[in-house]
Each structure stands twice: as C-alpha cells, then as structure tokens.
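# A closer look at the structure
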Amino acid sequence: MRIGVVGVGRMGRPIALRLVSAGHSVLVHDPDATAVAGLATAPLREVAEHGEVLLTVLPGTPELAAVSASLGAVPGVWIDLTSADPREIPGISHERRFVGAPMSGGPEAAASGDLRFFTGGDADAVAVARDVLGTLGEVIEVGPDAASGYTVKLLANLLWFGQSVAAAEALLLGQRMGLEPGALRALLADSPGASAYLSGWAPRLLEGDYLQTFGLDRVVEELDSLTGLAADFGIPFELSAVVARLHHEALERFGPVDGELLATALLEERAGRLLRDA
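First things first, this report covers the structure right here in the doc. (Residues numbered from 1 in each chain as written. Predicted model: local features only at pLDDT ≥ 70, side-chain atom pairs only at ≥ 80, totals over all residues. Heavy atoms only, no water.)

### Quick word on the overall build of the protein chain
Selection criterion: What counts as a helix is a DSSP run of H or I of at least four residues, what counts as a strand is a run of E of at least two, and both are numbered from the N terminus. For the radius of gyration, the atoms used are the C-alpha atoms, and the globule rule reads 2.2 Å times the number of residues raised to 0.38. The contact criterion used is simple: two residues touch if any of their non-hydrogen atoms lie within 4.5 Å. Here the Shrake-Rupley method, with its probe set to 1.4 Å, supplies the accessible areas, and only the displayed protein chains count as covering residues. A positive count includes Lys and Arg, and a negative count includes Asp and Glu. His and the chain ends are not counted in either. The atom standing in for a charge is NZ when the residue is Lys, CZ when it is Arg, CG when it is Asp and CD when it is Glu.
A tally of helices and strands in the protein chain yields 12 helices and 8 strands. Here the C-alpha atoms of the protein chain give a radius of gyration of 20 Å, agreeing with the 19 Å that 2.2 N^0.38 yields for 278 residues. Judged by the C-alpha coordinates and their principal axes, the protein chain covers about 60 × 45 × 35 Å. Here the analysis covers contacts within the protein chain between residues at least 6 apart in sequence; of these, 59% occur between residues at least 24 apart. When the accessible surface of the protein chain is split by element, carbon and sulfur atoms take 56% of a total near 12,600 Å². Counting 20 positive and 36 negative side-chain charges, the protein chain places the centres of these two groups 3 Å from one another.

Next comes the structure, spelled out in structure tokens:
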C-alpha cells in the first residue's frame, strides 16, 4: 500500500519504519531534517496525495488543525493518530474519508508493534485503517463517530494522570510513616486500590524515571481539553480539576519539558523527599 506519513518524531518515525519493513511504500513529511533521515521525503501536499492512505502522527491539537488547514481535500483515507481535542474533529473530518485513531503506547511500543488504537469513523474507512494499523498494534473500534476515539483516549489519560498523583500522595505519606516506597507500592498493587499504574509504571518512578517520552505541556493541553468539555456539558469535574491544577503548577515550575510524571516531582519537592528506597 502507498502511505503518506506526516509527523515523524518520537512516535511517527518508528511507525514509518515499521510500515516500510512491512513492505508498504512510505513517503514522509516533517520539518525536522533529523527525523526524516533514511526515509523518502516530500512536501506536505505531495505526501498527502501519495496514495491510498494519509497517516498523521502529530504532537497535539494545534498541529493537527494546522495540517488540516493546509491540506484541503485528501484523496485517500486519512487516519489520524494524534491525541487531539474531540471538539476539533468534526471540522477536520468534514467531507473527508477520515478515521480518528488516537494511539496508546510510547516509542518502544511503536517500534515493536504493540500500540493500541481507539478508532472511530465510517465503516469502509475503518476497514482500510485496520489493514494499516494492524501492522502497528491492536485496533479497537469505538464507533462510527470519528471523534469517539479521541474522547476515549483523553479519558484514559485523565485517569492515568489522576492515578499518578494519587499514588504519589499515598506513597509519600507512607514513606513519611516509615514504610519503604518499593514495598508499599507492591502491597498497594495487590490491594483493592490496585491499578495498571501502580503495577506497571510506579516502579520506574521509584527509580527516578518521570517518563520523558511525553511533554508536560502536552499533558496540560489534554487536561485542558477535558476541562473544557466538562464545562461545555455541565458535567461535574471537581476531582479532575484538582489533577489539572497540579499539572498546571508543575508546568509553571518545570516548564514545557519532557516528563509526563513531573506532577509527582512537584509533590516530592513540596514534601521535601524523593520516592526512593533508602
């Protein structure tokens, strides 16, 4: 299949390379010359018209909106993997064969083909998307609305960010009471308060890894999108608003750097201790 890929950064590059390895004809576009090294490149418009599929792998909503405004009509099926604001999708998908397929997983999962995609769109377009995305991971069909997958992805991230903050507070308090954070984490991961975060990712935090595969500013962007959605529909959002506020404060403290768990670093700083075993 002929596939155009727009955005070959930390996620887009391993995705493009995996598609090439699967035998597809891949043409890419990215303003970063380093990112496109070793791949066939072309201007944005030419990449969009390369063949049956356009795949966009962009940092966030502003970049997706900018690409959409630059493209006009897209001749093939447009599959977008960006974690974007679902309110923007109707305008982007209008009169296009568009599949919203925001992805879950980091660069390692992209390279190994272990991503997950929450897909929404017209059934025929989703069938094309399934053929392409099946090379990259698991395809989960959410429904015919192209915006649906974005909603699921942002809500999943909301719970993730909320769990990271709640776990940090619990571990900091337990540590202050004399418990080793590693042992406490293991006990909590086998309790009624267990979560994928406690089981799979908190151990990396206890080693000082704040997950530098995603920008703190992008975390805030996603949380702001959800805060806006809740306000638009009059949905209570009190607890999640606290999570959003903490991430805003972390962004003010550390700046727009990589590290999606830096709200935990902020809590550690305020507690005057690091979550590490003695």
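### Quick notes on the pattern of salt bridges
Put simply, the rule is: Every case where a carboxyl oxygen of Asp or Glu lies within 4 Å of a side-chain nitrogen of Lys or Arg is listed as a salt bridge. Exposure is judged per residue with a 1.4 Å probe applied to protein chains only, and the accessible area is read against the type maximum: over 50% gives exposed, under 20% gives buried, and values in between give partly exposed.
Counted under the stated rule, the structure contains 13 salt bridges. Residues Asp85 and Arg87 are paired through a salt bridge, measuring 2.7 Å at the closest nitrogen-oxygen approach. Asp85 sits in the buried class, given a relative accessible area of 7%. On the accessibility criterion, Arg87 (39% relative accessible area) is partly exposed.

### Observations concerning helix 8 (residues 181–189)
Formally: Starting at the helix axis, one direction is taken to each C-beta atom, and the arc is that of these directions.
Within the sequence span of helix 8, burial applies to Pro181, Gly182, Leu184, Arg185 and Ala189. All buried residues of helix 8 lie within an arc of 160° about the axis, which places them on one face of the element.

### Observations regarding the packing of helix 7 (residues 148–176) against helix 11 (residues 238–254)
Definition in use: Lines fitted to C-alpha atoms define the axes, with helix axes restricted to the stretch in contact, and inter-axis angles between N-to-C directions lie between 0 and 180 degrees. For classification purposes, an angle smaller than 35 degrees is called roughly parallel, one larger than 145 roughly antiparallel, one from 65 to 115 roughly perpendicular, and anything else oblique. Gly counts as polar in this scheme, as do all residues outside two lists: the nonpolar Ala, Val, Leu, Ile, Met, Phe, Trp, Tyr, Cys and Pro, and the charged Asp, Glu, Lys and Arg.
Following both chains from N to C, one finds helix 7 and helix 11 inclined at 75°, their axes separated by 10 Å at the closest point. When the axes of helix 7 and helix 11 are compared, the pair comes out roughly perpendicular. Note on element contacts: helix 11 touches helix 7 through Ser240, Val243, Leu246 and His247, opposite Leu158, Phe161, Gly162 and Val165. In terms of residue class, the contact of helix 7 with helix 11 is made up of 5 nonpolar, 3 polar and no charged.

None of this, on its own, says anything about what the molecule does.
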